[in-house]
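# Observations on the model geometry
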Amino acid sequence: MEDFRMKLQIETKKISEKIKNGDALTEEDMKILFLTSYLAEDTNE
Amino acid sequence: MSNKPGSITLVQLTRFGDILQTIWAVKDIKTSNPDLAVNLVVRKSFGKPLAFLLDKYFNNIYYLDSKSFIGDDLTSGLDSTIKEINSWETNVLVNLSFSKSSSYFSSLINANFRLGMSASQFASDNVNGSWSEYLYSTVMRGPLNSFSLVDIFKFILGAKNRPSMPEKNHTGNTLVIHPFTSSEKKMWSPNKWGEIIFKVLKNNPEINLSIVGSKEDSTRAQEIIKNPLLSDYNERIDINCGNLEIEELYELLQNSFLFCGHDSMVGHLASLAGLQTLTLSLGTVRAIESTPYGINNYVLAPRTPCFPCFPSDHCADFKCHKDLSYQAVTECLQQLIDTNEISASELQKNVSPLHLSTADVLQSNFSKEGLFYLENISSNELSMNELYRKFYRIVWLYMLEETEENSSYPKLNKASYAGLEGFIPNLKQLFELAEFGKKYSRFILEEISKDQPDVEYIKNCGQKIEEIDEMQVLLGKASPALNPIIDFFNLKKSKMAGNNLVELCTSSHEIYQSIGSFCNIMYELIEKTMNEYSIKNKKNSMKEAKE
């Protein structure tokens, strides 16, 4: 689980850079963003 | 050939209460469109316990489970989820939850049309559909929403029929109490609840009481029944905290005669089970949004003037908790036990004005058009927010649904008349800003249509439009009652359609035109209401002079 979250974090950082640069996101990027936010919300619930 | 969609997939990733309110909306859309397939995506933790209800109303249900997403590969777990959901036929995807995850998720599902929030390819949120825009801009941001969340969901889904209500159950001798919520701000102290329970059990020897809640509520439940007043009544109190599945709780509610508690999912479950409810609405709760859907449900809401109250706001003394008196609550409960309704005259007879004047007693009902509303039965004097909500309700219905709800002019008093007098100049100012916005959008369009357009002139006009938008935001800060209009149209502006300057300016012109129309209708309503009040006042003073 921790390993998975760590990998997600690394990928999310890369995507944040893309967003900052105004690059269009791919479907894979959307999946990563979904997983990051979903797992964070799940933990908060 | 019918244009109606054959199947809808709803994304509802929020908590129990929102899922139950979604069920109400789907119940009604299914009544008018029995052949429509409605699918649902929910979180497993909130959806599974409600599966016994969801199975009745949804064709396909997907329970999102965090565990299934975790694997060696980052997205393979999610891929199989998406694959399964995409195997359903989805004509329209409706995201009813406004969270980041639901926004990304909606963008990953195949659908012909999308409503609600979904992420764009640049990770910004797109909100599609006027009622979704309303939900996003008004409900999420302030206290001036005029509609039940169920009705907003129904508007988003396009359901127009009157709701079908289960028969109210007034049999059995169990009163179900849920004196808990997720936040300290929204619940009374155990001590106060102990006093209420004592009074009910003492005056009604035939009644038994069930305190329901989650495992986490057990300690608080014990605190309540440890109240020395209740030592002789413990045998008649059943504590069900954490020991019942939601389905068992639903059965308990079906076999009970009345529910009383704070704003929570149990109230919604009770109303679905056909039980009458009395909600003590404290803190951040906005009664119109979350009162259990149904006829003759009641709410006790303090008139504490510190609204808006947001979950993040610090509150040291919970004044609203004190403004809801023990006397008012026990009287309302007793009337519901005796007659299944609360009578305003009995209330005034049995509760002193001191204890009644700080809270409103609201009764739920449906208008002829099938829309949920709350009527204040304890007082004719509307607060400013109640007044604004009444006006907004009329204008939103007209602007977004082209519907007119038959309702009388709100009653004013000296203070609310003065409040509206203060509001009108700000409303006029917003109208004038919209007129300027229209003017500059038109100037740009006229300039573009020339053979040799002056680019500098177009830039200046564009800057003026930016200034107008900034001034609208400032005006909203000075007069928060204008924010529903400003926020809604700002959201519209942020997603203006157009592939070129002409199309963008045409959209911009249309939006300013809509703001102007909105202000106009609102102004007329307020002016007529104020005139009614002035005429009545004059008549009264002439009558007094004659006497």
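Residues numbered from 1 in each chain as written. Chains lettered and ligands numbered in written order. Predicted model: local features only at pLDDT ≥ 70, side-chain atom pairs only at ≥ 80, totals over all residues.

What follows concerns the overall build of chain A. Secondary structure summary: chain A contains two helices and zero strands in total. Across the 45 residues in chain A, those meeting the buried criterion constitute 22%. (Helix = DSSP H or I, 4+ residues; strand = E, 2+ residues; numbered from the N terminus. Buried ≥ 20, exposed ≤ 12 C-beta atoms within 10 Å, placed from the backbone.)

The next point concerns the overall build of chain B. Of regular secondary structure, chain B possesses 22 helices and 14 strands. Computed over its C-alpha atoms, the radius of gyration of chain B comes to 26 Å, within 12% of the 24 Å expected for a compact globule of 547 residues. By principal-axis analysis of the C-alpha atoms, chain B measures approximately 90 × 85 × 50 Å. By residue count, 40% of the 547 residues in chain B fall in the buried class. Long-range contacts, defined as pairs at least 24 residues apart, comprise 66% of the intrachain contacts of chain B with a sequence gap of at least 6. (Rg over C-alpha atoms; globule rule 2.2 N^0.38 Å. Contact = placed C-beta atoms within 7 Å.)

Once that is clear, we can look at the environment of Ala 270 of chain B. All names here are of chain B. Following the sequence through the fold, Ala 270 ends up in helix H12 (residues 265-272). With 32 C-beta atoms counted inside 10 Å, the residue Ala 270 sits in the buried group. C-alpha of Ala 270 to C-alpha of Cys 260: the two residues are ten residues apart in sequence and 9.6 Å apart in space. Not counting the four nearest positions on each side in its chain, Ala 270 is found in contact with Val 176, Leu 253, Phe 259, Leu 275, Thr 277 and Pro 292.

Another point: the interface of chain A and chain B. Counting residues at the interface gives 23 residues for chain A, matched by 18 residues for chain B. For the side of chain A that touches chain B, the secondary-structure elements that each account for two or more residues are helix H1 (2-20) and helix H2 (27-44) of chain A. Of the residues belonging to the side of chain A that touches chain B, the class tally is 13 nonpolar, two polar and eight charged. (Nonpolar A, V, L, I, M, F, W, Y, C, P; charged D, E, K, R; others polar.)

All names here are of chain B. With mixed pairing, six strands are arranged side by side in an open sheet as S3-S2-S1-S4-S5-S6. Looking at strand neighbours, the two that pair on one side only are strand S3 (60-64) and strand S6 (125-128), the edges of this open sheet. Strand-to-strand, the axes of this sheet are offset by a mean angle of 25°, without reference to chain direction. Pairing of strand S1 (residues 7-12) with strand S4 (residues 92-95), which is carried by four bridges, proceeds in the parallel orientation. Paired with Ile 8 across the strands is Val 92, a residue of S4. Helix H7 (residues 130-139) contacts strand S5 (113-119) and S6 of the sheet and is inclined by roughly 125° relative to S6. (Pairing = 2+ DSSP bridges. Axes fitted to C-alpha atoms, helices over the stretch in contact; angles between N-to-C directions.)

All names here are of chain B. Between H7 and helix H8 (residues 149-157), the least distance of the axes is 8 Å, while the angle of their chain directions is 150°. Between H7 and H8, the angle is such that the two are roughly antiparallel. Between H7 and H8, the contacting residues are Trp 131, Ser 132, Tyr 134, Leu 135 and Val 139 on the first element and Ile 152, Phe 155 and Ile 156 on the second. Residues of the contact of H7 with H8, tallied by class, amount to seven nonpolar, one polar and no charged. (Parallel < 35°, antiparallel > 145°, perpendicular 65-115°, else oblique.)

Moving on: the pairing of S4 of chain B. Looking at chain direction, S4 of chain B and S5 of chain B are connected through four bridges and run parallel. Bridging across to S5 of chain B, Leu 93 of chain B finds its partner in Arg 114 of chain B.

This part takes up the domain arrangement of chain B. Along its sequence, chain B is carved into domain 1 (7-157), domain 2 (174-376) and domain 3 (414-535). Using C-alpha coordinates to define each centre, domain 2 of chain B is positioned 43 Å away from domain 3 of chain B. (Domains from an automatic or database assignment.)

Quick look at the nonpolar core now. Residues and elements named next belong to chain B. One finds Ile 152, Ile 156, Leu 253, Leu 269, Leu 300 and Cys 332 to be the most contacted residues of the largest nonpolar core, which totals 136 residues. For this core, the element with the most residues is helix H19 (residues 414-448), which contributes eight residues. Not counting residues within four places of it along the chain, the set of residues in contact with Leu 269 comprises Leu 20, Leu 249, Tyr 250 and Leu 253. (Core = buried A, V, L, I, M, F, W, Y, C linked by C-beta atoms within 7 Å.)

All names here are of chain B. Counting buried positions over the six residues of S1 gives five, a clear majority of the element. Across six bridges, the pairing between S1 and strand S2 (residues 37-43) is parallel. Residue pairing for S2: Ile 8 is matched across the bridge by Val 38. The parallel pair S1 and S2 is bridged by helix H1 (residues 16-32), and the resulting crossover is right-handed. (Right-handed = clockwise from strand over helix to strand, strands pointing away.)

All names here are of chain B. For the pair H19 and helix H22 (residues 501-546), the least separation of the axes is 8 Å and the interaxial angle reads 160°. In terms of their interaxial angle, H19 and H22 are classed as roughly antiparallel. Handedness of the crossing formed by H19 with H22: left-handed. Split into classes, the residues belonging to the contact of H19 with H22 amount to 21 nonpolar, eight polar and three charged. (Left-handed = near helix turned anticlockwise from the far one by under 90°.)

We now examine helix H5 (residues 76-87) of chain B. Residues and elements named next belong to chain B. The end-to-end C-alpha separation of H5 is 17 Å, in line with the 16 Å expected for twelve residues at 1.5 Å each. Restricting attention to buried positions, one finds in H5 the residues Leu 78, Thr 81 and Ile 85. Summarising the axial view, the buried residues of H5 lie within an arc of 60°, below the 170-degree limit, and thus occupy one face. Projecting away from the buried face of H5 at angles above 90 degrees are the exposed residues Ser 76, Lys 83, Glu 84 and Ser 87. (Expected span 1.5 Å × (residues − 1). Arc of directions from axis to C-beta.)

Turning next to the sheet that holds strand S10 (residues 258-262) of chain B. Backbone hydrogen bonds hold the strands of a sheet together, and the pairing may be parallel or antiparallel. Residues and elements named next belong to chain B. The eight strands lie next to each other as S9-S8-S7-S10-S11-S12-S13-S14, forming an open sheet whose pairing is mixed. Strands at the two margins of the open sheet, each flanked by one partner only, are strand S9 (237-241) and strand S14 (372-376). Across the sheet, the mean angle from the axis of one strand to that of its neighbour is 20°, orientation sign disregarded. Pairing between strand S11 (residues 277-280) and strand S12 (residues 298-302): three bridges, direction parallel. Pairing of Leu 278 across the sheet is with Tyr 298, part of S12.

Okay, the environment of Phe 259 of chain B next. Along the chain, Phe 259 of chain B falls in strand S10. The contact partners of Phe 259 of chain B, leaving out residues within four places of it in the chain, are Val 176, Leu 253, Gly 267, Ala 270, Leu 275, Gln 276 and Thr 277 of chain B.

Our next topic: the confidence of the model for chain B. Looking at chain B, pLDDT values average 91 and 97% of them are 70 or higher. As a predicted assembly, this complex carries a pTM of 0.93 together with an ipTM value of 0.95. (pLDDT = per-residue confidence, 0-100.)

Residue and element names in this part refer to chain B. Over its 14 residues, helix H15 (residues 326-339) extends 20 Å from the first C-alpha to the last, a length consistent with the 20 Å expected when each residue adds 1.5 Å. Here H15 has its buried residues at Ala 328, Val 329, Glu 331, Cys 332, Leu 333 and Leu 336. After H15 finishes, the residue Asn 340 shows a positive phi value of roughly 65°.

All names here are of chain B. Within the element layout of this structure, Asp 451 appears in the loop between H19 and helix H20 (455-478). On the neighbour-count criterion, Asp 451 (4 C-beta atoms within 10 Å) is exposed. Asp 451 sits 367 residues away from Glu 84 along the chain, and the two C-alpha atoms are 56 Å apart.

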